[in-house]
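# Close look at the chain arrangement
Single-letter residue listing:
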Amino acid sequence: FLTMSTCKRLLHFARHRNVWTHVRRSVTTWSPVGAAFNAKPARRAELRLQSGLFGVPELSCPAGFQVAAKSALRNTELLVGRACSCPPGVETVESFDQLSDGLCRVADLADFVKVAHPDPAFREAAEKTCIDIGTVVEKLNTNVELCKSLKNLLDDPDVVAQLDPDTRRVAELFMFDFEISGIHLDDKLRKEAVALHVKLLDLNNEFLVGSNMPNRIARSVIPEHLHLQFASEGSFIQVGGLHADSPDDLVREIAYRIYLHPNADLMNCLEELLKCRYKMAKLVGYESYGHRALKGTMAQTPGSSKVSNTTKDFRMMSDMKKKLNPRNSVSGFCFTTPYNIEPSLYSPYLSLGACMDGLNILFSQLYGVSLMSEHPSTGEVWSEDVRKLAVVHETEGLLGYIYCDFFHRSDKPHQDCHFTIRGRRRCQDTGQYQLPVVVLMLSLPHPTKSAPTLLTPGMMENLFHEMGHAMHSMLGRTRYQHVTGTRCATDFAEVPSILMEYFATDYRVISQFARHYQTGQPLPESMVARLCESKKVCGAADTQLQIFYAVLDQIYHGKPQNRSTTEILEEMQQKFYGLPYTPNTAWQLRFSHLIGYGAKYYSYLMSRAVASMVWRQCFVQDPLNREMGERYRREMLAHGGAKEPMLMVEGNFTFTLESPELTHFQNIIMSCCSTQTPKNVSEMFPIGVNASVSNSNFSGVHV
């Protein structure tokens, strides 16, 4: 928390920040936040932990996780007692939310540290804490007395009538958690359900870690001139990604075959994970895990319809590829060739500092919010290149904090993620809001001696995407942390982040910040136009790829197929995509979305339909319009999960169950159980500026 004098200084700067945006247009200088991200991180005299991670005193060493967990569990016992003994009413729901908040503040933090901290001791301690807290949560979700206290409230119409809408909604969501966890089962089956949940915690963690581990191969197998393209480990070459942006066909092929090479242990883990999910869903009364996962979302249930075929796009891609390189087949060239879009030509205009400057300008214009760089205390961050941002509103004051873990580390997942560390809620004793804390994790290149970190257009778009998640967390004003920010239906949670991608390719926005890091020259409008046009090329194939991912996810989480996950993948790829399966590969073992987005990967497609509608109705005429920004915040962002997603959408925008956007979505994603021949995807999703789906299945992961 900041002192009052510090807050006043922040507010003063927020109100007068436009002086910067006026002065710096034609010079190679940056606003404070831009300068902070374009400068090399200052090496701190001591990186030894003193204050504790995220300012939590206990977390100055790995053993602190055990201390924090024990403290949270002691508080849990007190809150369970209060919830079970107080008369039905608001206090009951507040006790549940405090219970949730106390456990989440430890578990969510540990969930991040176990994958991102460079110290194995911290990762191990955090992983153990996740399992310990997760086990307690599953037991609470089958605690009969605790459930009874909530049921007494919801079964009393007089009490329910006195609840405000948010409190009633949160009470119903907590009851939903009980129901899908098997609270209705007898003692023996409830214990079985808890045991399955605990087993799934282990399997989820094992698969998540394994899916991000690099594969390696002997250096002697790889042509010597390509060794520098990959990381080295003694006599081995490490391949930690697909290298899809490489201009070298051979590099891409090597990366594809090695990175996706099957791993028997991880394959067994995935097979067991899917079996346990199905068994658990059947145990608590659902037809499949997919049916259980979709209850409470905008989609509601899996279904069937027709989807698309992109034969025309693939034929065009193949013909173009043959002209470029007759010896090789289709590769990741489609978005660069037709309009001469070479990412390296754009990068000098897209320094990390410039892009952060652009986000600062955009948020100031739309919401009256400024991003302000702060120096973290010693021990507050896990790596010296992590930046800390205070998010300050021009009248509301400090809204929360964003920790930016943007740079590549060898022990860090190569994913773009948003982590909630602490959710916003209104504290009953003080009436003040608990400040949200989030982490944005990217894997950008480090600055060099001669240049700051320079982003490709794809990297810039992913940065905007993840910042959309962060602002969803920052701009919410929910009473309860259980529904704060991104804690909403998964198929709605991606709307704010995908909407940000539209801003990232609009010249009226880009012109505010994109300028050459050396000369200060703005990015020419013609280059932005070519970039936007390139996104239309192969748009159908790109959307089809996302459909394939969504279908595969649904099939994996449907009824058991009695065949391997690889056999299922090969058939679904042939049926729903178009490019052939590559033998001796297992892409599904890199599909880490199966953990956080199990049976819900379709969310990206549905959210894109909603985001397209919001963009056209609010921002297409003027992407910097303050009135529309405030409307969007007030009617969508502010509620988090406190309102039904469809009620927010239908109640505030011209978007109903019969709207074209939703019809497009239904025609696509309800194909997951379909065996019918598809039709053209371009008829289902209008391909406009940034209307196609990102070609990277790992872009914009929301965790």
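For the structure itself, look to the data block above.
A brief report on the enclosed structure follows. (Residues numbered from 1 in each chain as written. Predicted model: local features only at pLDDT ≥ 70, side-chain atom pairs only at ≥ 80, totals over all residues. Heavy atoms only, no water.)

## Quick look at the side chain of S211
With respect to the element layout, S211 can be found in helix α10 (residues 187-211). Taking the relative accessible area as the measure of exposure, S211 reaches 1% and is therefore buried. (Helix = DSSP H or I, 4+ residues; strand = E, 2+ residues; numbered from the N terminus. Buried < 20%, exposed > 50% of the residue type's maximum accessible area, 1.4 Å probe, protein only.)

## What to know about a negative patch on the surface
Together, E124, E127, D202, E206 and D265 line one region of the surface with negative charge. Contributions of two or more residues to the negative patch are made by α6 (120-140) and α10. Summarising the element assignment, D202 is placed in helix α10. In this structure D202 comes out as partly exposed when scored by relative accessible area, which is 38%. (Patch = residues over 30% accessible without salt bridge, like charges linked within 9 Å, V, L, I, M, F, W, Y side chains within 5 Å. Areas by Shrake-Rupley, 256 points an atom, 1.4 Å probe, with all protein chains shown as cover. Salt bridge = Lys/Arg side-chain N within 4 Å of Asp/Glu carboxyl O. Lys, Arg positive; Asp, Glu negative; His and termini not counted. Charge placed at Lys NZ, Arg CZ, Asp CG, Glu CD.)

## Observations concerning the pairing of strand β7 (residues 417-422)
For β7, a buried count of six out of six residues is recorded, marking the element as mostly surrounded by other parts of the structure. The sheet contact formed by β7 and strand β10 (residues 437-444) spans five bridges and is antiparallel. Following the sheet pairing, H418 is matched in β10 by L440. (Pairing = 2+ DSSP bridges.)

## Overview of helix α22 (residues 539-556)
In a regular helix each residue adds 1.5 Å, so 18 residues correspond to 26 Å; α22 covers 26 Å between its end C-alpha atoms and thus fits that length. A large share of α22 lies buried, amounting to 18 of its 18 residues. (Expected span 1.5 Å × (residues − 1).)

## Quick look at the side chain of T142
By secondary structure assignment, the location of T142 is in the loop between α6 and α7 (144-154). On the accessibility criterion, T142 (11% relative accessible area) is buried. The residues contacting T142, other than those within four sequence positions of it, are S181, I183, R190 and V194. (Contact = heavy atoms within 4.5 Å.)

## So, the nonpolar core
Residues M356, F363, I402 and F406 are the most contacted members of the largest nonpolar core, which totals 137 residues. If we skip the residues at most four places from it in the chain, I402 touches R387, K388, L389, V391, V438, L440, M467, A470 and M474. (Core = buried A, V, L, I, M, F, W, Y, C linked by side-chain atoms within 4.5 Å.)

## Details of the packing of helix α5 (residues 90-116) against helix α9 (residues 165-180)
Between α5 and α9, whose axes approach to 10 Å, the crossing angle comes to 60°. The angle between α5 and α9 places the two elements in the oblique class. Note on packing geometry: the crossing formed by α5 with α9 is left-handed. Of the residues in α9, those in contact with V93, F96, D97 and S100 of α5 are T167, V170, A171, F174 and F178. (Axes fitted to C-alpha atoms, helices over the stretch in contact; angles between N-to-C directions. Parallel < 35°, antiparallel > 145°, perpendicular 65-115°, else oblique. Left-handed = near helix turned anticlockwise from the far one by under 90°.)

## Description of the environment of G641
Examined against the element boundaries, G641 turns out to sit in the loop between α26 (626-635) and α27 (645-652). For G641, a relative accessible area of 4% corresponds to the buried category. Remark: the alpha-carbon pair of G641 and R487, spanning 154 residues in sequence, is separated by 5.8 Å.

## Regarding the environment of E124
Tracing the chain through its elements places E124 in helix α6. Taking the C-alpha atoms as reference, E124 lies 8.3 Å from P62; in sequence the two are 62 residues apart.

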